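Chains, contacts and geometry: an overview
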Amino acid sequence: MEKRTLFLILLILGTAFWGISFPVTKLAIGQSQPLLFLCYRFFLATMVLSVVFWKHVKQAKVTSIKTGAGLAIPLVLGIYLQTLGITHTAASQCSFVAGITVVMIPVIKFVIYRKSAPLKIWIAAFTALMGLFMISINDHLRIGTGDLYTIIGAFCFAIYLIQVEKESKAANIVPTIVPMFATCALFTFLLATFQADTVWLPQQPTFWLGIVFCALFSTAYMYTISNIAQKYISAERVSIIYLFEPVFGAFAAHFILGEEITSRLLIGGGMIFLATLISELRWKMPDQIAMSGLLKWKKDQG
């Protein structure tokens, strides 16, 4: 099995963990202490990954620490804003709206780097956007507070994915993983310290169970796999693969929190799933077909 296929499978498995983490997080934090939850989540992930990547931790260089810290800024902002979003809206809806990252990446790349994605990525992104519109816009054509937090968080996450793609192609990104999560843990700890109402040792068992699940599976596993995978898969394609996340999230929210799976959620989710298929199918435009045919003809003539 080639590495690209292997990482596709591992990423899809990770999106299941991510999807489940939305209702798990909502159940764990209730309506308060999202910063503290993230602080413990990142701290535990850092501890686990320090053991896994101990060789790189011992040989850590200043450049790796700086790169990891730089990646941590958009990552922690994105996750924090999406966690805030969960406290203001349904977990299933939040997981779908978070998928708008797929639309933002090609736009940001085009605006900043003047680098256009393949046409099928734009078609997939537009299809996903229509699905997100179906899910998140209410009857009064308004976007809720939770959705707004999630959309801004998705923008930060898009920046993070673009940076990871850039860094992973420039050098080995594995040594930056532990410094990145350590920086995330430090940021959230400092922010939680400045909150006057922080209760450092919550008594709810769901809070600690949520931290263990999110730290091990949706943080340590998923971000490590996604960072390494971007050496073989573009940020646009990775973000579209992430659209499996809300499908898992919707069903997890239904079984864990009893949230309703509405027709709008199913239709929008179907469009998002279609976007994933469009991005991964190997199809050619007419001019590409003509060009390949011409090249084949010339080769046969030669």
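For the structure, check the block above.
Heads up: these notes are all about the structure in this document. (Residues numbered from 1 in each chain as written. Predicted model: local features only at pLDDT ≥ 70, side-chain atom pairs only at ≥ 80, totals over all residues. Heavy atoms only, no water.)

Looking only at helices and strands, the protein chain has 14 helices and zero strands in total. Going residue by residue from the N terminus, the α and β elements of the protein chain occur as α-α-α-α-α-α-α-α-α-α-α-α-α-α. Counting the 302 residues in the protein chain, one finds 51% classified as buried. Taking the intrachain contacts of the protein chain between residues at least 6 apart in sequence as the baseline, contacts between residues at least 24 apart amount to 90%. Element-wise, carbon and sulfur atoms account for 70% of the exposed surface of the protein chain, whose accessible area totals about 15,000 Å². (Helix = DSSP H or I, 4+ residues; strand = E, 2+ residues; numbered from the N terminus. Buried < 20%, exposed > 50% of the residue type's maximum accessible area, 1.4 Å probe, protein only. Contact = heavy atoms within 4.5 Å. Areas by Shrake-Rupley, 256 points an atom, 1.4 Å probe, with all protein chains shown as cover.)

With that out of the way, let us pick up the packing of helix α6 (residues 101-113) against helix α8 (residues 145-170). Here α6 crosses α8 at 60°, and the two axes come no closer than 9 Å. As the angle between them shows, α6 and α8 are arranged oblique. Relative to α8, α6 is oriented so that their crossing is right-handed. Residues Thr101, Met104, Ile105, Ile108, Lys109 and Tyr113 of α6 pack against Ile151, Ala154, Phe155, Phe157, Ala158, Ile159, Leu161, Ile162 and Glu165 of α8. Residues that form the contact of α6 with α8 fall into these classes: 12 nonpolar, one polar and two charged. (Axes fitted to C-alpha atoms, helices over the stretch in contact; angles between N-to-C directions. Parallel < 35°, antiparallel > 145°, perpendicular 65-115°, else oblique. Left-handed = near helix turned anticlockwise from the far one by under 90°. Nonpolar A, V, L, I, M, F, W, Y, C, P; charged D, E, K, R; others polar.)

Space inside the largest pocket adds up to approximately 230 Å³. Thr63, Ser64, Asn172, Pro175 and Thr176 are the residues nearest the centre of the largest pocket, which is lined by 14 residues in total. Of all the secondary-structure elements, those providing two or more residues to the lining of the largest pocket are α4 (62-86) and α8. The biggest single contributor to the lining of the largest pocket is α4, with three residues. The residue inventory of the lining of the largest pocket, partitioned by class, reads five nonpolar, seven polar and two charged. (1 Å grid on protein atoms, 1.4 Å probe; cavity = no way out; pocket = protein on both sides within 12 Å on 5 of 7 lines; lining within 4 Å. Points joined across faces, edges and corners; volume = space filled by probe spheres on them.)

Time to look at empty space enclosed by the protein. Applying the stated criterion across every chain yields a total of one cavity of 30 Å³ or more. Taken as a whole, the largest cavity spans an internal volume of roughly 290 Å³. What lines the largest cavity is a set of 20 residues, and nearest its centre among them are Trp18, Phe22, Gln82, Tyr223 and Glu245. Sort the elements by how many residues they give to the lining of the largest cavity and α4 lands first, with five residues. Looking at the lining of the largest cavity residue by residue, the class counts come to nine nonpolar, nine polar and two charged.

A contiguous nonpolar patch, built from Leu186, Phe189, Leu190, Phe194, Trp200, Leu201 and Trp208 and spanning about 740 Å² of accessible area, is present on the exposed surface. The greatest single-element share of the nonpolar patch, amounting to three residues, is contributed by helix α9 (residues 177-193). Take Phe189: it is sitting in helix α9. (Patch = residues over 30% accessible without salt bridge, like charges linked within 9 Å, V, L, I, M, F, W, Y side chains within 5 Å. Salt bridge = Lys/Arg side-chain N within 4 Å of Asp/Glu carboxyl O.)

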